[in-house]
Amino acid sequence: MGPLAQPPPHSGSQPSQERTPTARLEMTGISVSFGGVAALSDVSLTVEPGQVHGLIGPNGAGKTTLFNVACGLVRPSAGRIVWRDQELRRLKPSQLSGLGISRTLQGVGLFAGLTVLENVMIGAHRHAKAGFFSALLALPTADKDDRLLRERAQQALVELGAESYADRYPGSLPYPVQKRVALARALVAEPDLLLLDEPASGLSEDEMHELGELIRAVTTRMSVLLVEHHMDLVMRVCDRITVLDSGQQIAAGTPAEVQANPAVTEAYLGDDVDVEADAAELASGGSNA
Ligand SMILES: Nc1ncnc2c1ncn2[C@@H]1O[C@H](COP(=O)(O)OP(=O)(O)OP(=O)(O)O)[C@@H](O)[C@H]1O
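Residues numbered from 1 in each chain as written. Predicted model: local features only at pLDDT ≥ 70, side-chain atom pairs only at ≥ 80, totals over all residues.

Caption draft 1: Representation of the overall build of the protein chain in the model. Along its length, the protein chain carries ten helices and ten strands. The 289 residues of the protein chain split such that 44% are buried. Considering only contacts in the protein chain between residues 6 or more positions apart, those separated by 24 or more positions represent 68%. (Helix = DSSP H or I, 4+ residues; strand = E, 2+ residues; numbered from the N terminus. Buried ≥ 20, exposed ≤ 12 C-beta atoms within 10 Å, placed from the backbone. Contact = placed C-beta atoms within 7 Å.)

Here you go:
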């Protein structure tokens, strides 16, 4: 097991102690159009508690758009989002952490002027009463929160095998390490749902394998929605997969069901980018499981 997949250290009320996930995300009949052009048409997807749900499809299929709907970055023109049995109307990105949802976006999005530890502490602010910025300003009431935030952030970095970079600035680190830090920042809030947009981009085979182990490991405490192009990773870690093509949902099911669906292969063969690589990965992904 590599550093990315190390189980978190547990002690007493440590934040990452295992708890049975119960939260379900239901997106039903989601439609989105940009300037009159339909990016998503009547797409439905449910992330079951403690499951990894993959969202795949060729370029331009609508994966990021649906991901952004789940983040509150894109408002659907039709459809419902229900989280923990409550309908989320007018979801905003700023509400996510309070709802127990964390995300990583494409790229890394770390603050260049903050250390790795400080970047991760920002992700933990959901647990702080006084808040990270009070802690940064060293307000007296924030002392206890500051200690707690630091502990949580350090623990998340340990989980990601990135604790040795705690005092470094993101710009000085290799891209794969920056991605680990971004993941630590998402995990430190101990979300009930983790939204991952292309977490494997820029990673080596070994790092991707470790990422897969980490994703499986966190399902003891949260659900995951995974948008990813690397088919072998998707097939290995997902419980269920939804396949989009040109904004339409063309298949849904287990990795084996999706791989056996001719409509899925056809959609990938019609893709004009990475045609051979995607089709070959799709064909071979299950054999790696
Ligand atoms: N902000 C936007 N304005 C206009 N059109 C957009 C916008 N975002 C996405 N689109 C269009 O919506 C469609 C779906 O795009 P989206 O990025 O969701 O696909 P994707 O499956 O994530 O693709 P990729 O795998 O290439 O990232 C595409 O036709 C895209 O051009």
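Don't stop here, the text continues.
Caption draft 2: Layout of the pairing of strand E9 (residues 240-245). Extensive coverage of E9 is indicated by the burial of five of its six residues. The sheet contact formed by strand E3 (residues 52-56) and E9 spans four bridges and is parallel. The partner of His-53 across the bridge, within E9, is Arg-240. Two strands pair when backbone bridges link them, and E9 and strand E10 (residues 248-253) are joined in this way by five bridges, in the antiparallel orientation. Residue Asp-245 lies in a different strand from E10, and its bridge partner there is Gln-248. Counted between consecutive antiparallel strands, the loop separating E9 from E10 contains two residues, among which Ser-246 sits at a positive phi close to 50°. (Pairing = 2+ DSSP bridges.)

Caption draft 3: Up close: the confidence of the model for the protein chain. Per-residue confidence for the protein chain gives a mean pLDDT of 83; residues scoring 70 or more make up 80%. Mean pLDDT per element in the protein chain: helix H3 (residues 132-136) is the minimum at 52, and E3 is the maximum at 97. Overall, residues 1-15 carries pLDDT values under 50, and its contacts beyond four positions in sequence, including any with other chains, amount to 32 contacts. Overall fold confidence (pTM) sits at 0.83, and the ipTM for the predicted complex is 0.95. (pLDDT = per-residue confidence, 0-100.)

Caption draft 4: Spatial organisation of the domain arrangement of the protein chain. If you check the domain split of the protein chain, you get domain 1 (21-83 + 93-100 + 195-289) and domain 2 (110-190). With seven residues of domain 1 at the interface, the matching set in domain 2 holds seven residues. Of the residues that constitute the side of domain 1 that touches domain 2, the class distribution is three nonpolar, three polar and one charged. (Domains from an automatic or database assignment. Nonpolar A, V, L, I, M, F, W, Y, C, P; charged D, E, K, R; others polar.)

Caption draft 5: Just the site of the ligand, in detail. Near the ligand, the surroundings consist of Phe-34, Ala-39, Gly-57, Asn-59, Gly-60, Ala-61, Gly-62, Lys-63, Thr-64 and Thr-65. Classifying every residue of the shell around the ligand by side-chain character gives three nonpolar, six polar and one charged. (Near = placed C-beta within 6 Å.)

Caption draft 6: Quick peek at the sheet that holds strand E4 (residues 78-83). Taken together, the four strands give an open sheet; going across it, the order is E2-E1-E4-E5, and neighbouring strands pair in antiparallel fashion. Both outer strands of the open sheet, strand E2 (37-47) and strand E5 (86-87), are each paired with one neighbouring strand and no more. As paired elements, strand E1 (residues 25-34) and E4 share five bridges and run antiparallel to each other. Paired with Met-27 across the strands is Ile-81, a residue of E4. On the sheet, helix H1 (residues 63-71) packs against E1 and E2 and is oriented at approximately 120° with respect to E1. (Axes fitted to C-alpha atoms, helices over the stretch in contact; angles between N-to-C directions.)

Caption draft 7: Examining the nonpolar core more closely. Among the nonpolar cores identified, the biggest contains 73 residues, and Val-120, Ala-184 and Leu-226 are the most heavily contacted of them. Per element, the largest residue contribution to this core is seven residues, and it comes from helix H5 (residues 175-187). Two domains each provide a minimum of three residues to this core, namely domain 1 (21-83 + 93-100 + 195-289) and domain 2 (110-190). Discounting chain neighbours no more than four positions away, the residues touching Ala-184 are Val-120, Ala-156, Leu-157, Glu-159, Leu-160 and Ala-162. (Core = buried A, V, L, I, M, F, W, Y, C linked by C-beta atoms within 7 Å.)

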